[in-house]
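Listed below are the residues making up each chain.
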Amino acid sequence: MARKKKYVIALTDDELKTLMSVKRKKKTTKTVRCRCQILIYLDEAHGKAYTQEQCANSVGVCIATVYNVIKYFVDGGLEKVLSYGRNINSDNARRKLDGRAEAKLIEIACGPVPEGHSRWTLRLLEDKAKVELDVPVSKDAIRRALKKTNCDLTKNDYWCIPPKENAEFVACMEDVLDVYEQPYNPLQPVVCMDEKPYQLLGESRDPLPMRKGSDQKIDSEYVRKGTCSIFVFTEPLGGVRHLNVCSRRTSIDWAKEIKCMVDVHYPDAEKIILIMDNLNTHKISSLYKAFPPAEARRIAKRLEVHYTPKHGSWLNIAEIELNVMTRQCLKRRIDNIDTLRSELSTWESERNNNSAGVTWQFTNSQARTKLISLYPTIEIADECK
């Protein structure tokens, strides 16, 4: 003879309706929704009820959870089932980091690092919290607080930080932005120039090719094959770019590249508006080091040079072209200049055939609002009487 059930769940129509309503609400917690489903499955007044084992398997909980929900309903009714309170002995109930303590902890993590360390660690923060906070805090509590506020101790975001209240920076910036606002004129093309050092590297061991279920494997050891410099000239509105690789990056090399741009790439242009950075070789004087005075002057008269501000390379559109080139072509090891020239020539032809250009959106009016900290504060003195 089977043993009689100790507890029998028989819901009234109102109780069943309440459980169904609570379970459908979006704000209902997962725990309460799980309890409602357990009672609905165990209800013997509205159809065939599940056994406790069947209910546990269907809801995805253990038998002890099902038994506890039955106890809550028998002892306290629906109110006990639907009210979810934490155990006073649980970790969350004995939480030591309140809002003020978390704010103080984040302030410590964002502050200066102790001497002899490159960054904060959980162990260092734990030791510091023992001094700064009223109660000791474990590493796990610190880790949870940092995770909740998206504070990652291991990351550094490298950024081109402009100077504050710098008139020279603002003057160069607005000059370049004015140039970018000019309409396209093939007789006066706007050309952005930059160069990138590149290290030639060879493989010490042949890589293992990619295959099903396995990524390509490249040995961490490599062979140094020297260095070179990649010159990039890009016309954003025209959608063309020209690249060349030199073994060095002297003022003579730069002068030869400028002469090639003037006489080969833009022979019919009335004037070439050239935008570049303040590198020591990027000067008109470099032309006089490479060519006779008359030839250097002829090339210089074809140019209208605009310099980006110091530490303001983000204003040079050629930087965008260099980033695309690095991602699409140079993210690998190339061991000689001839191969590099061939690969870059193919990449250049493909980009030019697609007429890939850059539409610059940032203007002076936006800069005066968004970058107000760069502009000097003007103090208006009283007029002399």
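Structure: see above.
The shown structure was predicted, so the numbers you read here are calculated from the model rather than taken from an experiment.

> An account of the pattern of salt bridges is requested, with residue identities and associated values reported.
Taken as a whole and judged by the stated rule, the model has 19 salt bridges. For Lys-259, the salt bridge is made with Asp-263, and the minimal N-O distance between the two is 3.2 Å. Taken as a pair, Lys-259 and Asp-263 lie in helix H9 (residues 251–265) at a separation of four residues, close to a single helical turn. On the basis of relative accessibility, which here comes to 27%, the residue Lys-259 falls in the partly exposed class. When salt bridges with common partners are traced through the structure, they connect Lys-259, Asp-263, Glu-295 and Arg-298 into a single cluster.

> Help me get a handle on the packing of aromatic side chains, residues and values and all.
Counted under the stated rule, the structure contains three aromatic pairs. Seen from their ring centres, Tyr-180 and Trp-360 are 4.9 Å apart, and the 50 degrees between their planes marks the pair as tilted. Within this pair, whereas Tyr-180 is found in helix H8 (residues 167–180), its partner Trp-360 is found in the loop between helix H13 (337–353) and helix H14 (364–370), the two being separated by 180 residues in sequence. Judged by relative accessible area, which is 12%, Tyr-180 ranks as buried. Judged by its relative accessible area of 22%, Trp-360 falls in the partly exposed class.

> I'd like a rundown of helix H1 (residues 13–24), residues and numbers included.
For H1, spanning 12 residues, the distance from its first C-alpha to its last is 17 Å, which sits close to the expected 16 Å at 1.5 Å a residue. Where the residues of H1 are buried, they touch helix H2 (30–42) and helix H4 (63–82).

> Requested: an account of the sheet that holds strand E1 (residues 190–203), with residues and values cited.
In space, the five strands of this open sheet follow the order E3-E2-E1-E4-E5, with mixed pairing throughout. On the outer flanks of this sheet lie strand E3 (240–246) and strand E5 (303–307), each paired with one strand and no other. Averaged over all adjacent pairs, the angle separating strand axes in this sheet is 30 degrees, with direction ignored. Sheet analysis places E1 next to strand E2 (residues 222–235), joined by 11 bridges and oriented antiparallel. Counterpart to Cys-192 in the pairing with E2 is Thr-234.

> I'd like to hear about H8, residue by residue, with values.
Helix length check: H8 (14 residues) gives 20 Å between terminal C-alpha atoms against 20 Å at 1.5 Å per residue, within 8%. Phe-169, Val-170, Met-173, Glu-174, Val-176, Leu-177, Val-179 and Tyr-180 are the residues of H8 that are buried. Buried positions along H8 lie against E1, strand E4 (272–276), E5, helix H12 (317–330) and H14. Residue Asn-166 occupies the N-cap position of H8, its side-chain oxygen lying 3.1 Å from the main-chain nitrogen of Glu-168.

> Can you explain the nonpolar core? Please cite residues and give values.
Ile-258, Met-261, Ile-272 and Leu-287 are the most contacted members of the largest nonpolar core, which totals 21 residues. Listed by contribution, the elements that provide at least two residues to this core are E1, E2, H9, E4 and helix H11 (293–301). No other element matches H9, which puts five residues into this core. Leu-19, Val-32, Cys-55 and Phe-73 belong to the second largest nonpolar core, which has 20 residues in total.

Rules and cut-offs
- Residues numbered from 1 in each chain as written.
- Predicted model: local features only at pLDDT ≥ 70, side-chain atom pairs only at ≥ 80, totals over all residues.
- Heavy atoms only, no water.
- Salt bridge = Lys/Arg side-chain N within 4 Å of Asp/Glu carboxyl O.
- Helix = DSSP H or I, 4+ residues; strand = E, 2+ residues; numbered from the N terminus.
- Buried < 20%, exposed > 50% of the residue type's maximum accessible area, 1.4 Å probe, protein only.
- Phe/Tyr/Trp six-rings, centres within 6.5 Å; stacked < 30°, edge-to-face > 60°.
- Expected span 1.5 Å × (residues − 1).
- Contact = heavy atoms within 4.5 Å.
- Pairing = 2+ DSSP bridges.
- Axes fitted to C-alpha atoms, helices over the stretch in contact; angles between N-to-C directions.
- Polar contact = N/O pair within 3.5 Å; in protein donor to acceptor, adjacent residues only side chain to side chain.
- Core = buried A, V, L, I, M, F, W, Y, C linked by side-chain atoms within 4.5 Å.

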